[in-house]
Amino acid sequence: MDAFIHSHIEGGVMTLTLNRPERLNSFNDAMHGQLAECLTQAERDDAVRCLLITGAGRGFCAGQDLNDRNVDPSGPPPDLGYSVETFYNPLVKRLAKLPKPVICAVNGVAAGAGATLALGCDIVIAARSANFVMAFSKLGLVPDCGGTWFLPRVAGRARAMALALLGDKLSAEQAQQWGLIWQVVDDEQLADTAGQMARHFASQPTYGLGLIKQAINAAETNTLDAQLDLERDYQRLAGRSDDYREGVSAFLAKRQPQFTGK
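First things first, this report covers the structure right here in the doc. (Residues numbered from 1 in each chain as written. Predicted model: local features only at pLDDT ≥ 70, side-chain atom pairs only at ≥ 80, totals over all residues. Heavy atoms only, no water.)

### Some remarks on the overall build of the chain
Secondary structure summary: the chain contains ten helices and ten strands in total. Each principal axis of the C-alpha atoms in the chain carries an extent, and together these give about 70 × 45 × 35 Å. The burial tally for the chain puts 44% of its 262 residues in the buried class. Within the chain, counting contacts between residues at least 6 apart in sequence, those at least 24 apart form 68% of the total. Within the structure as shown, the chain displays about 13,900 Å² of accessible surface, and the carbon and sulfur contribution to it stands at 54%. Distance between charge centres in the chain, computed from 25 positive and 29 negative side chains, equals 5 Å. (Helix = DSSP H or I, 4+ residues; strand = E, 2+ residues; numbered from the N terminus. Buried < 20%, exposed > 50% of the residue type's maximum accessible area, 1.4 Å probe, protein only. Contact = heavy atoms within 4.5 Å. Areas by Shrake-Rupley, 256 points an atom, 1.4 Å probe, with all protein chains shown as cover. Lys, Arg positive; Asp, Glu negative; His and termini not counted. Charge placed at Lys NZ, Arg CZ, Asp CG, Glu CD.)

### What about the nonpolar core?
The nonpolar side chains of soluble globular proteins are, as a tendency, buried together. One finds L51, F60, L95, V106, F132 and L180 to be the most contacted residues of the largest nonpolar core, which totals 50 residues. Among all residues touching L95, those that are not within four sequence positions of it are L39, L51, I53, V102, L117, C121 and K213. Listed in part, the 15 residues of the second largest apolar core include C50, A105, I125 and A202. (Core = buried A, V, L, I, M, F, W, Y, C linked by side-chain atoms within 4.5 Å.)

### Let's talk about the side chain of T54
With respect to the secondary-structure elements, T54 resides in strand β3 (residues 50-55). Since its relative accessible area comes to 16%, T54 is described here as buried. Look past the residues within four positions of T54 in its chain and what remains in contact with it is L16, T17, L18, F60, A105 and N107.

### Quick notes on the packing of helix α4 (residues 147-155) against helix α5 (residues 157-166)
Relative orientation of the contacting elements α4 and α5 amounts to 135°, with a least axis distance of 7 Å. The orientation of α4 with respect to α5, classified from their angle, is oblique. Considering how the two elements wind past one another, α4 and α5 form a crossing that is right-handed. Of the residues in α5, those touching α4 at L151, P152 and A155 are R157, R159, A160, L163 and A164. (Axes fitted to C-alpha atoms, helices over the stretch in contact; angles between N-to-C directions. Parallel < 35°, antiparallel > 145°, perpendicular 65-115°, else oblique. Left-handed = near helix turned anticlockwise from the far one by under 90°.)

### Here we look at the pattern of salt bridges
For the coordinates displayed, the defined rule picks out 13 salt bridges. A salt bridge links D65 to R23; the nearest nitrogen and oxygen atoms lie 3.0 Å apart. Pair noted here: D65 is in the loop between β4 (59-61) and α2 (80-97) and R23 is in the loop between β2 (13-18) and α1 (29-44), with a separation of 42 residues, a long-range link. A salt bridge links K213 to D122; the shortest N-O distance between them is 2.9 Å. Pair noted here: K213 is in helix α8 (residues 206-219) and D122 is in the loop between α3 (113-119) and β7 (123-127), with a separation of 91 residues, a long-range link. (Salt bridge = Lys/Arg side-chain N within 4 Å of Asp/Glu carboxyl O.)

### Some thoughts on the packing of α2 against α8
It is the contact of α2 with α8, at a shortest axis distance of 9 Å, that shows an interaxial angle of 125°. Considering the angle they form, α2 stands oblique to α8. Touching L95, A96 and K97 of α2 are K213, Q214 and N217, all from α8. Class assignment of the residues belonging to the contact of α2 with α8 gives a composition of two nonpolar, two polar and two charged. (Nonpolar A, V, L, I, M, F, W, Y, C, P; charged D, E, K, R; others polar.)

### What to know about the environment of I123
Examined against the element boundaries, I123 turns out to sit in strand β7. Residues I123 and L52, 71 residues apart in the sequence, show an inter-C-alpha distance of 9.6 Å. Not counting residues within four places of it along the chain, the set of residues in contact with I123 comprises V102, I103, C104, W182, M197 and F201.

### With respect to α4
Counting along an α-helix, one turn takes 3.6 residues, and residues three or four places apart therefore face a common direction. Of all the positions in α4, only G147, F150, L151 and A155 are classed as buried. Along the axis of α4, the buried positions cluster into a sector of 100°, meaning they face one direction only. Close packing links the buried residues of α4 with α2, α3 and α5. (Arc of directions from axis to C-beta.)

### A look at the sheet that holds strand β6 (residues 109-111)
Spatially, β4-β6-β8-β9 is the arrangement adopted by the four strands of the open sheet, whose pairing is mixed. Two strands bound the open sheet, and with one partner strand each, they are β4 and β9 (169-171). Averaged over all pairs of adjacent strands, the angle between strand axes in this sheet comes to 20°, irrespective of strand direction. (Pairing = 2+ DSSP bridges.)

Structure (structure tokens):
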């Protein structure tokens, strides 16, 4: 079977490369299955302390491979909800729940579910030549893979509505200016910049980073009172961690901490 996802673990970083470059890394069912297996390893393996997702070739991900969804004019209509329920929804939920930082290095066009997949990662770094396209409206479809949830939250309602309804290209630089993504770098610097950040995270207090991520995600729907209670509970957990003890010891001894991620 073709390897549609290349997985590489080194120095605490799992790098997943979407690998259907001849189809701009668009998703088919087999690719979804392989990605799901890699995420299971990322969830279970304590040696993996950061996840980095990128694409092979000239694009990041063109979303769903429409060759897999060819509609026969004389046949019954397809059930696209099945694909969303079976593949995209679990993917979004797993990335959000993964108690480790997830970096997305967008190396080229991110269209449709490829764009919304990127927005669902914790930190997005894009090559200057990259662009984001909410292509769904051009096909009469709805942004999925979390698109209608993430877009208004990262871009604001006015921009989210126009991006989703128009389906126009958004340059990486504009995406950064609007707060959709964290950083834009020159194309040739993307791999190094993303890799450097991933290696940094792999040396940090992973357990605490996971709590930060869960807290910020929870804040999207919590009241202030509920969030304050959550901060109290998470701080209690963080204070019991080995990394907190190591961080304080290193600070007082004026030395570099050696975090284990626990």
